Amino acid sequence: MNGADADADESGGGRASSADEAGDERGAGAGAPRPGVDDDLDPEGPPRKMLDRAAELTPMLSQYLDLCRDHPDAIVLFQVGDFYEAFCEAAETVARVCEVTLTQREDSTGTYAMAGIPIDNAASYLEALLDADFRVAIADQVEDAEEASGLVDRAVTNVVSPGTVIDDDLLDRAEATYLAALVDPSDNASDRHRDAGRVASAGDDGGATDDPPAALATLDVSTGECRVTSETAERIREELERLAPAEVVVGPDTVFDPARAGFETMVTERDPAIFDLTAADATLSEYVTEPAAVLDTAVERRAIGGLLSYAEYTQGDNGALSYVSRIQRYDPRRSLRLDATAMRSLELFESRHPGSGGTLFDTVDRTVSALGRRRLESWLRRPLVDSTRIERRHDAVAELLARPIARETVREHLSSVYDLERLAARVSRERADARDLRSLSTTLAAVPELKAALDDVDAPALDDLRESLDELRDVRALIERAIVADPSQEITDGGLIREGFDDELDDLRAAEHE
């Protein structure tokens, strides 16, 4: 068994769990309605059977139990060789939801239900678990099994939930996937007194309001876009409906009913301590030098601090998220007020009569890249209300309409670019492979061509965009020198680094062929 633990097959039943599903296909039941999950099962957290025998467990199962204890709100998928395994109640749920074979593992301490999914084809199974409203903790082998003395070390490297998905196979390339944190004004009396004065200075019409502010923080984990705002509770609920986050982390005592939200979402409750102002400021200080100077509103700092704390937890609790380079505060009053009812009535993104015609988004979408499509979606969710900004955007559109050659040249080059935001985030997370780096180089190669196409524009918005484009020539040159033109998707295949880039590597290759 390649890469498996020494005690992984103590019994004859060791790897029977998913032999029938080891291929690339899900099985005959894929696409059928998901079987219901037994209400009596509790697949998240430590299995009861293992807890009762904790002192007797084999080292590997003891390691699994410890990871389950550390992640009581998730199904732990535990790498054993080429599979992710689950045991006991979690195994029964994985087998039912993912439609894989339920088998068992026997050892000196007893018999345990077991089910597994192949790592190489994990995305479709993870999607099924997410669709069934489960959170999944991925426990990877974090050392080479062949070099380990005894039990292979494992750690949870990623907690997958609807709002923290980073796998391209699970993301919608054209839409942002938001994780949100909501802090209600009833949470903290000191926040009410501290922040009410700021809101009282400007209501919807510039008049005073005594309503204390609530706060909403959002993060697109796949790109690092991080924003926060505070307003009256009513406006914050409207903002939630506008953004429709895939997951909402609620602050202590915050009341949020997903059934009345107007969109599908997972509600997550965490330790209230992460929303404490002192704890939130400590989290924020890893991202900004002076949290209080950047966000002077306590309720906003609590929301963004709690959000980032949870996001760090889902990415392995390894400290600050390097791909979150900027935290932006925004005012929802700078965009047109749209709640879920208005968006449905206007059929912005969802038709009221499926099959009868496209939405407004479908009608106006002429984008040729994932970046452009997400930007268009964002603009439609937040229509401008400031006449100066509206006219500035219209001037840019008018110039491109009047100059078809320049417009088509820009479209041609944009059609060749990859998803730069998500590529950059993968590089920051150290999850980029050689093909990602080549995609980054291809995208950067389009920048000089785009600047040339916009060389003599008159519209201020287009001119500013042109001036802001950074060609990053040093980054592109490094990738071109280092990575072969068509690298393998698997790093284990080798041959990723160009000959002549590294003398030591060249010597090793030469010695191998002698």
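Residues numbered from 1 in each chain as written. Predicted model: local features only at pLDDT ≥ 70, side-chain atom pairs only at ≥ 80, totals over all residues. Heavy atoms only, no water.

Caption draft 1: Representation of the packing of helix H13 (residues 387-402) against helix H17 (residues 460-468). Direction vectors running N to C along H13 and H17 enclose 85°, while the axes themselves pass 7 Å from each other. Taken as axis vectors, H13 and H17 run roughly perpendicular relative to one another. Seen from H13, the contacting residues are Arg392, Ala396, Glu399 and Leu400; seen from H17, they are Pro460, Ala461, Leu462 and Asp464. (Axes fitted to C-alpha atoms, helices over the stretch in contact; angles between N-to-C directions. Helix = DSSP H or I, 4+ residues; strand = E, 2+ residues; numbered from the N terminus. Parallel < 35°, antiparallel > 145°, perpendicular 65-115°, else oblique. Contact = heavy atoms within 4.5 Å.)

Caption draft 2: Region of the structure containing helix H15 (residues 420-428). By the burial criterion, the buried members of H15 are Arg422, Leu423, Ala425 and Arg426. Summarising the axial view, the buried residues of H15 lie within an arc of 165°, below the 170-degree limit, and thus occupy one face. Looking at the buried side of H15, the elements it contacts are helix H12 (370-381) and helix H16 (434-453). Looking one or two residues past H15, glutamate 430 carries a phi angle of roughly 60°, positive in sign. (Buried < 20%, exposed > 50% of the residue type's maximum accessible area, 1.4 Å probe, protein only. Arc of directions from axis to C-beta.)

Caption draft 3: Up close: the pairing of strand S7 (residues 178-183). Of all six residues that make up S7, six are buried, and the element is covered over most of its length. Of the two faces of S7, both are covered, the one formed by Tyr178, Ala180 and Leu182 as well as the one formed by Leu179, Ala181 and Val183. The sheet contact formed by S7 and strand S8 (residues 213-220) spans six bridges and is antiparallel. What sits directly across from alanine 181, in S8, is alanine 217. In the sheet, S7 pairs with strand S10 (residues 247-250) via four bridges, with the strands oriented parallel. (Pairing = 2+ DSSP bridges.)

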